[in-house]
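Next come the chains, spelled out residue by residue.
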Amino acid sequence: MMNDPKTTSLQPQKPAFRWGRLVLIVSLALNLAVAGVVGGAILGRGGPDRNGLAARDVGFGMFNEAFSERDRKELRKTYAKANPNIRAERQQMRDDLRAVLTALRAEPFDVEALRGALKAGAARIEARQAQGQAIVLDYLTKMSGAERAEVANQLEKALKRHPREANPPPPAPE
């Protein structure tokens, strides 16, 4: 009998672990790590604009398309000045990925070790994004009203070129 009070537990059931969410997080971490490795390969080529090349992959979101080449170059220069040791950042990102790989291969599997490795990598990425946003914000505040209006016009054009990114589909029902 399924509804027999003697066999039914009154304690709340623990929610099931959501593997789909874990796979999504791991996939995102691996994609970001690949981007870091590719950027590191570009850095390894050397050259006078090495820091500028590394700063490119920080990304300034849709502003990359909205700013002129001169503006983007200035933003990259500002980022490179604020982060003179870009190679160490790259190494930290590779170390984050190695920690994820180690946790994935561990037997017995330790979900907390994987969670910690993912959080460390995500925190590093979040810090870089916050720094990039601060650089963009500072740059925009130094522009004239007409220059900011031109950036707004270019942002609007970029949104029209990428309509799916501007209007993401609603989340799927659970």
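Here the residue index of a chain counts from 1 through its sequence in written order. Local features in this predicted model are restricted to residues of pLDDT 70 or higher, and side-chain atom pairs are both shown and tallied only at a pLDDT of 80 or more, whereas totals for entire chains, interfaces and linings draw on every residue. Water and hydrogen atoms were dropped before computing side-chain values, which therefore reflect all heavy atoms in the structure.

Asks: I'd like to hear about the pattern of salt bridges, residue by residue, with values.
Replies: Where charged atoms from two side chains of opposite charge approach closely, those side chains can pair. Definition used for salt bridges: Asp or Glu carboxyl oxygen within 4 Å of a side-chain nitrogen of Lys or Arg. Under the definition given, this model contains 9 salt bridges. A salt bridge links Glu112 to Arg115; its shortest N-O distance comes to 2.4 Å. Of this pair, Glu112 and Arg115 both sit in helix α6 (residues 111-141), separated by 3 residues, roughly a single helical turn. For Lys142, the salt bridge identified is with Asp138, shortest N-O distance 3.1 Å. Remark: exposure states derive from per-residue accessible area (1.4 Å probe, protein chains only) relative to the maximum for the residue type, with buried under 20%, exposed over 50%, and partly exposed in between. Overall, the relative accessible area of 64% leaves Lys142 in the exposed class. Strands are runs of DSSP state E lasting at least 2 residues, helices are runs of H or I lasting at least 4, and numbering of each runs from the N terminus.

Asks: So what about the environment of Arg124? Which residues, and what values?
Replies: Mapping Arg124 onto the fold places it in helix α6. By relative accessible area, Arg124 is classed as partly exposed at 26%. Distance in space between the C-alpha atoms of Arg124 and Met93 is 7.8 Å, their sequence separation being 31 residues. Residue contacts are counted whenever heavy atoms from the two residues lie within 4.5 Å of one another. Excluding residues within four positions of it along the chain, Arg124 makes contact with Gln92, Met93 and Asp96. Within the local environment of Arg124, its side chain forms a polar contact with the side chain of Asp96, the two groups lying 2.7 Å apart. Side-chain atoms alone can form a polar contact between residues adjacent in sequence; in general such a contact is a pair of N or O atoms within 3.5 Å, and within protein one must be able to donate a hydrogen while the other accepts it.

Asks: An account of the packing of helix α4 (residues 69-82) against α6 is requested, with residue identities and associated values reported.
Replies: Each axis is a line fitted through C-alpha atoms, taken for helices only over the stretch in contact, and angles between the N-to-C directions span 0 to 180 degrees. Put simply, α4 and α6 touch, their axes get as near as 10 Å, and they point 130° apart. Considering their axes alone, α4 and α6 lie oblique with respect to each other. Relative to α6, the crossing made by α4 is right-handed. Between α4 and α6, the contacting residues are Arg70, Asp71, Glu74, Leu75, Thr78, Tyr79 and Ala82 on the first element and Arg128, Gln131, Ile135, Val136 and Tyr139 on the second. Ten residues, namely Ala, Val, Leu, Ile, Met, Phe, Trp, Tyr, Cys and Pro, are considered nonpolar, four, namely Asp, Glu, Lys and Arg, are considered charged, and the remaining ones, Gly among them, are considered polar. Per-class residue counts for the contact of α4 with α6 are 6 nonpolar, 2 polar and 4 charged. If an angle is under 35 degrees, it is roughly parallel; if it is over 145, roughly antiparallel; if it lies from 65 to 115, roughly perpendicular; otherwise it is oblique. Handedness of each helix crossing follows the sense of rotation of the near helix against the far helix: counterclockwise by less than a right angle gives left-handed, clockwise gives right-handed.

Asks: Describe the confidence of the model for the protein, with residues and values.
Replies: Note that predicted coordinates carrying low pLDDT should not be read in detail. Mean pLDDT over the protein works out to 75, with 59% of the residues at or above the 70 mark. Confidence of the predictor at the level of single residues is given by pLDDT, which spans 0 to 100. Across residues 45-56 the pLDDT falls below 50, and counting only partners more than four positions away or on other chains, this stretch makes 16 contacts in the model.

Asks: Account for the nonpolar core, naming residues and giving values.
Replies: Throughout, nonpolar core names a set of buried Ala, Val, Leu, Ile, Met, Phe, Trp, Tyr and Cys residues whose side chains join them through atoms within 4.5 Å. Counting 12 residues, the largest nonpolar core is built from Phe60, Ala66, Phe67, Leu75, Tyr79, Ile86, Ile135, Val136, Tyr139, Leu140, Met143 and Val151. Those elements that provide at least two residues to this core are α4 and α6. In terms of residues, this core owes the most to one element, α6, which gives 4 residues. Residues contacting Leu140, with those up to four places away along its chain left out, are Phe63, Phe67, Arg148 and Val151. If you look at the next biggest cluster of nonpolar residues, it comprises 5 residues, including Ala103, Leu114, Ala117 and Leu118.

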